[in-house]
Amino acid sequence: MTNNLLTLRYTALCLASVLLSQPAFAVDLIGHTKSKHPLDVVSEISGKVEMANIEIGEKVTLGTLIASIKSQDFELEVNKQNANLQLAKSDLKIKTSLYKRYQELRSKNSLSQNELDIAQADYQSAQANLSLAQIELTKARLDVDNTQINAAINGYVVNRSTENGAWVNQGDLLYRIVNIDTLNVRLLASEFDISELNVGQPIELWSEANPTLKVKSVIKRIGVEVDPQYFAYPVEVEIDNTQHQFKPGMSIHATTLMSPISQTQSN
C-alpha cells in the first residue's frame, strides 16, 4: 500500500514537471490602433465663417476657441426679439387689466357672457404670445452663443472641413477632433486562433514604428462574426496612451500566451 502511494505521488510530480517544462504556446495577432470617441464639430447655425485657423495635427484643449461665425446678424436678431418681448409684455398687461374689468362687469350683469368670453380669449392669446416671444429671444441668444465654437474635448484635429470666409449651413462639419489618451486596438484572429482567446486574457502589444515599446493590456471584446474584408475575427483591446506614444492608424503586433495545460488539452 505504501509503495503504491509513493508510486502515485512520484507519477503526479513527474507529470507536473513535464507540464510546467513545456513551452507556452503563443498566439500572435496583428491589427491597427484607432481612437475611441472621435468628435465631429458641426456648425449649429448657418452663416459666414470669420475664423477657422486650427490646422490638422494641432492639439486643442477643452474650451479652446477653434472657429467663429459672423455674429452681427444674430446680435440684431437678439435686439429684435427683445423688443418683441417687451411688446408682448405690454399687450398682456392691457389684456389682463381688461379681462379683470370685464369679469367685474359680468358679475354685476353689466356685460354679456359673449363679451367676457372674447376678453378671456384675448387674454389667453396674449399669454401665449408672451411665451412665444420668450422662446424666440432664448433661441436668438443661443444662436449668438453658437457663433463662437469651442473644443468640447482635449485632443488633436484630424480633419478640417472649412476655411475663413466660407459659408456654412447648420449641421455642416467644421472639424473632427480625437482624444488619444486611450486607444482601441482592433486585432484580427484566425479561426484557429480564436478558440484560444478569452475576454480578460492578458496580452502584450507593440507598434511597428517602435517595437521596443511594449504595453500590456487585456482582451476587452471578441467578435462572433468574421470580418468580411479580412475573413478573420475582430479582437478588441484598449491601451493607456496618456503619453501619446501611439497614434491612431498605427500597425500593431500583439501576442498572448496559452497556458501549458490548455496546450496539452488542445493537443
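Residues numbered from 1 in each chain as written. Predicted model: local features only at pLDDT ≥ 70, side-chain atom pairs only at ≥ 80, totals over all residues. Heavy atoms only, no water.

1. Some points on the side chain of Ser217
Move 1: Note on placement: Ser217 falls in strand β12 (residues 214-222).
Move 2: For Ser217, a relative accessible area of 13% corresponds to the buried category.
Move 3: Among the polar contacts made by the side chain of Ser217, one reaches the main-chain carbonyl oxygen of Glu238 at a distance of 2.6 Å. (Helix = DSSP H or I, 4+ residues; strand = E, 2+ residues; numbered from the N terminus. Buried < 20%, exposed > 50% of the residue type's maximum accessible area, 1.4 Å probe, protein only. Polar contact = N/O pair within 3.5 Å; in protein donor to acceptor, adjacent residues only side chain to side chain.)

2. Looking at the pairing of strand β14 (residues 251-258)
Move 1: Two elements, strand β1 (residues 25-35) and β14, share eight bridges in a ladder whose sense is antiparallel. Residue pairing for β14: Ala26 is matched across the bridge by Leu257.
Move 2: Bridge count between strand β11 (residues 202-207) and β14: four bridges; the pairing is antiparallel. Across the sheet, the residue bridging to Glu204 is Thr255, located in β14. (Pairing = 2+ DSSP bridges.)

3. A few points about helix α3 (residues 113-145)
Move 1: With 33 residues, α3 extends 48 Å from end C-alpha to end C-alpha; this agrees with the ideal 48 Å at 1.5 Å per step.
Move 2: Among the residues of α3, those classed as buried are Leu116, Ala119, Ala126, Leu130, Ala133, Leu137, Ala140, Asp143 and Val144.
Move 3: In this structure, the buried residues of α3 make contact with α2 (72-107) and β6 (148-150). (Expected span 1.5 Å × (residues − 1). Contact = heavy atoms within 4.5 Å.)

4. Quick word on the sheet that holds strand β2 (residues 39-42)
Move 1: Strand order in the open sheet made by the four strands is β2-β9-β7-β4, with antiparallel pairing throughout. Sheet topology places β2 and β4 (59-60) at the edges, where each strand pairs with a single neighbour.
Move 2: Summarising the sheet, β4 and strand β7 (residues 155-160) pair through two bridges and their orientation is antiparallel. For Val60, the partnering residue across the bridge sits in β7 and is Gly155.

5. Observations concerning the packing of aromatic side chains
Move 1: The full count for this structure, using the stated rule, is one aromatic pair.
Move 2: The ring of Trp206 carries the charged tip of Lys214 above its face, separated from the ring centre by 4.6 Å. (Phe/Tyr/Trp six-rings, centres within 6.5 Å; stacked < 30°, edge-to-face > 60°. Lys NZ or Arg CZ within 6 Å of the ring centre and 35° of its normal.)

6. What about the pattern of salt bridges?
A side chain of one charge can pair with a side chain of the opposite charge when the charged atoms of the two come close.
Move 1: Evaluation of the coordinates by the stated rule reveals 11 salt bridges.
Move 2: A salt bridge links Glu163 to Arg160; the shortest N-O distance between them is 2.9 Å.
Move 3: Judged by its relative accessible area of 16%, Arg160 is buried.
Move 4: Three or more residues are tied together by salt bridges with common partners; here these are Lys36, Arg221, Glu236 and Glu238. (Salt bridge = Lys/Arg side-chain N within 4 Å of Asp/Glu carboxyl O.)

7. So, the side chain of Asp227
Move 1: For Asp227, the position within the fold is in the loop between β12 and β13 (233-240).
Move 2: The class for Asp227 is buried, based on a relative accessible area of 11%.
Move 3: Among the polar contacts made by the side chain of Asp227, one reaches the side chain of Arg186 at a distance of 3.0 Å.
Move 4: Separated by 2.8 Å, the side chain of Asp227 and the backbone nitrogen of Gln229 make a polar contact.
Move 5: Excluding anything up to four places from it in sequence, Asp227 contacts Arg186, Ala232 and Pro234.

8. Concerning α2
Move 1: Between its first and last C-alpha, α2 extends 53 Å over 36 residues, near the 52 Å set by a 1.5 Å rise per residue.
Move 2: What α2 keeps buried is the set Phe74, Val78, Gln81, Leu85, Ala88, Leu92, Tyr99 and Leu105.
Move 3: For α2, the elements touching its buried residues are β5 (65-69) and α3.
Move 4: Asn109 occupies a position one or two residues after α2 and carries a positive phi of about 60°.

9. Points about the pairing of strand β9 (residues 173-178)
Move 1: Pairing of β2 with β9 involves four bridges; the strand directions are antiparallel. Bridge pairing in β9 places Leu39 opposite Ile177.
Move 2: Direction of pairing for β7 relative to β9: antiparallel, over a ladder of four bridges. Of the residues in β9, the one forming a bridge with Arg160 is Tyr175.

10. A closer look at the sheet that holds β13
Move 1: Strand order in the closed barrel made by the six strands is β1-β10-β13-β12-β11-β14, with antiparallel pairing throughout. The average undirected angle you get between the axes of adjacent strands in this sheet is 40°. (Axes fitted to C-alpha atoms, helices over the stretch in contact; angles between N-to-C directions.)

11. What to know about the environment of Gln86
Move 1: Among the structural elements, Gln86 can be located in helix α2.
Move 2: Taking relative accessible area as the criterion, Gln86 reaches 42% and is therefore assigned partly exposed.
Move 3: For the pair Gln86 and Gln134, spaced 48 residues apart in sequence, the C-alpha separation works out to 9.7 Å.

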